[in-house]
Amino acid sequence: MREKGWIEGKNLLVEYRFAEAPDRMPALAAELVALIPDLVIALGPSPALALKSATAAVPIVFVVVADPVGLGLVQSLSRPAGNIPGLASWVPGDWTAKQIQVLRELIPGATKIALLINPGNPIAAPSAARKLGVALPIVEATTDEDLDIAFASAAAQHADAIIVLGDVLIIRQAPRVIALAAKHRLPAMHFFRQFADGGLVVYGPDIFDLLRRGGNYVDKIVKGTKPSDLPVEQPTKFDFVINMKTAKALGLSVPTSLLLRADEVIE
């Protein structure tokens with residue numbers, strides 16, 4: 001926003017609300033809408049859905065939302081309609097398939113890959129795994145304590161690996177998530193770059209790039225562009241990081257083909 005000439009305290013007033021508990025989202029969304037803002041930014045699916053329910057008049061820009069069509073936020077990516085365009089963190093199909101393929105290159109013969117989600121943070125379930133012949137058991141964590149149970153459940157189900165879908169809970173508890181994966185010897189794939197310090201693989205969209213591009217969205221709308229005229233944008237930059245220390249600790253031999261494709265290899 002600063003690059004576009006918007007300076008907080010000068011020509012920009014920002015009101016923040018934050019809630020880790022999903023049941024607080026509707027009340028906080030209503031608080032923001034009651035301020036009659038020019039625009040609201042929703043970081044993640046839960047805030048976006050809460051704000052959509054709270055207003056059809058105030059423009060809402062969502063950022064880092066997986067499958068906004070599947071969640072019912074927009075009608076389509078090209079023509080979102082209504083008051084809520086934004087930037088998706090990923091959409092179903094090839095992206096999920098790529099994640100699974102990377103894990104299967106790391107772990108040849110893997111047939112069961114657990115999926116860690118927060119049920120309080122809505123996300124459309126990936127379907128690509130079925131096409132690749134991989135079972136995708138879901139383990140859930142809504143609280144910090146649930147993380148221990150979720151990883152124990154994945155291990156008890158003899159999962160060959162685990163995909164960790166990021167949300168506020170999981171990002172805040174990144175060191176704990178990494179430690180639990182190591183404890184249960186579960187090769188883990190993470191979405192966000194901050195998990196590279198100890199996490200086995202990071203393979204996901206560049207969130208900071210999405211946030212920067214979100215500023216462009218805000219600038220356009222504040223300057224008069226109709227939200228319904230802005231298509232939903234998808235990630236254009238990605239992080240692919242492999243941590244060789246973690247791979248060695250898990251007894252994994254990382255193929256040269258993967259190392260050559262990685263943006264960064266941590267020795």
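Note that the structure is predicted; figures quoted are calculated from it, not measured.

What counts, and at which threshold
Residues numbered from 1 in each chain as written. Predicted model: local features only at pLDDT ≥ 70, side-chain atom pairs only at ≥ 80, totals over all residues. Heavy atoms only, no water. Pairing = 2+ DSSP bridges. Helix = DSSP H or I, 4+ residues; strand = E, 2+ residues; numbered from the N terminus. Axes fitted to C-alpha atoms, helices over the stretch in contact; angles between N-to-C directions. Phe/Tyr/Trp six-rings, centres within 6.5 Å; stacked < 30°, edge-to-face > 60°. Buried < 20%, exposed > 50% of the residue type's maximum accessible area, 1.4 Å probe, protein only. Contact = heavy atoms within 4.5 Å. Arc of directions from axis to C-beta. Salt bridge = Lys/Arg side-chain N within 4 Å of Asp/Glu carboxyl O. Patch = residues over 30% accessible without salt bridge, like charges linked within 9 Å, V, L, I, M, F, W, Y side chains within 5 Å. Areas by Shrake-Rupley, 256 points an atom, 1.4 Å probe, with all protein chains shown as cover. Lys, Arg positive; Asp, Glu negative; His and termini not counted.

Novice: Which parts of the structure should I look at to understand the sheet that holds strand β2 (residues 60-66)?
Specialist: Think of a sheet as strands paired side by side through backbone hydrogen bonds, with each pair either parallel or antiparallel. The strand order β1-β2-β3 describes an open sheet built from three strands, whose pairing is parallel. Each of the sheet's edge strands pairs with one partner strand only, and the pair in question is β1 (40-43) and β3 (86-90). Going across the sheet, the axis of each strand differs from the next one's by a mean of 5°, ignoring polarity. Two strands pair when backbone bridges link them, and β2 and β3 are joined in this way by four bridges, in the parallel orientation. Among the inter-strand pairings, Phe 62 is bridged to a residue of β3, identified as Gly 86.

Novice: How should the packing of aromatic side chains be read in this particular structure?
Specialist: Describing an aromatic ring pair means giving the distance of the ring centres and the angle of the ring planes. Here the structure, examined in full by the defined rule, presents two aromatic pairs. Judged by centre distance (6.4 Å) and plane angle (70°), the ring pair of Phe 191 and Phe 192 falls under edge-to-face. There is no split in this pair, since Phe 191 and Phe 192 are both buried. Plain terms: the ring middles of Tyr 203 and Phe 240 are 4.7 Å apart, the flat faces sit at 55° to each other, and that makes the pair tilted. In this pair, Tyr 203 is assigned in strand β8 (residues 201-205) and Phe 240 in strand β9 (residues 238-243), connecting sequence segments 37 residues apart. This pair shows no difference in class: Tyr 203 is buried, exactly as Phe 240 is.

Novice: I tried to follow the sheet that holds strand β6 (residues 161-164) on my own but got confused; where do I start?
Specialist: One open sheet accounts for seven strands, arranged β5-β4-β6-β7-β8-β9-β10; its pairing is mixed. Of all strands in the sheet, those with a lone pairing partner are β5 (138-140) and β10 (264-266), marking the two edges. Each strand of the sheet is rotated relative to its neighbour by a mean of 20°, with strand direction disregarded. Across the sheet, helix α5 (residues 144-156) touches β4 (113-117), β5 and β6, and the angle it forms with β5 is around 160°.

Novice: Just checking my understanding: could you explain helix α7 (residues 174-183) for this structure?
Specialist: An α-helix turns once every 3.6 residues. As a result, residues three or four positions apart point the same way. Every buried residue of α7 is accounted for by Ala 174, Val 177, Ile 178, Leu 180 and Ala 181. Seen along its axis, α7 keeps its buried residues to an arc of 160°; they face one direction. Exposed residues pointing more than 90 degrees away from the buried face of α7 are listed as Pro 175, Ala 182 and Lys 183. At its buried positions, α7 is contacted by α5, β6, α6 (168-172) and β7 (188-190). Phi for Arg 185, located one or two positions after α7, is positive at around 50°.

Novice: Any chance you could explain the pattern of salt bridges here in plain terms?
Specialist: Charged atoms that come close allow side chains of opposite charge to pair. One pass over the full model with this rule turns up 11 salt bridges. Where Glu 264 meets Arg 193, a salt bridge forms, and the shortest distance between an N and an O atom there is 2.4 Å. Within this pair, whereas Glu 264 is found in strand β10, its partner Arg 193 is found in the loop between β7 and β8, the two being separated by 71 residues in sequence. On the basis of relative accessibility, which here comes to 32%, the residue Arg 193 falls in the partly exposed class. Note that Asp 209 is salt-bridged to Arg 212, the shortest N-O span being 3.8 Å. Taken together, the residues Asp 209 and Arg 212, both in helix α8 (residues 207-222) and three residues apart, mark about one turn of the helix. For Asp 209, a relative accessible area of 8% corresponds to the buried category. One network of salt bridges, with partners in common, ties together Asp 209, Arg 212, Arg 213, Glu 233 and Lys 237.

Novice: I would appreciate a short explanation of a nonpolar patch on the surface in the present structure.
Specialist: On the surface, Leu 43, Phe 208 and Leu 211 cluster together to form a nonpolar patch covering roughly 310 Å² of accessible area. Mapping Leu 211 onto the fold places it in helix α8. Its relative accessible area of 37% is what places Leu 211 among the partly exposed residues.

Novice: Is there a simple way to think about helix α2 (residues 45-54) in this case?
Specialist: Of the positions making up α2, those classed as buried are Pro 45, Ser 46, Pro 47, Ala 48, Ala 50 and Leu 51. Buried residues in α2 make contact with α1 (25-34), β1 and β2.

Novice: Where do I start with the side chain of Asp 239 in this structure?
Specialist: By the secondary structure assignment, Asp 239 is in strand β9. Buried charged residue Asp 239 carries no salt bridge. Nearest counter-charge: Arg 193, at 5.0 Å. In this structure Asp 239 touches Arg 193, Val 202, Tyr 203, Gly 204, Pro 205, Asp 206 and Asp 263, once residues within four positions along its chain are discounted.

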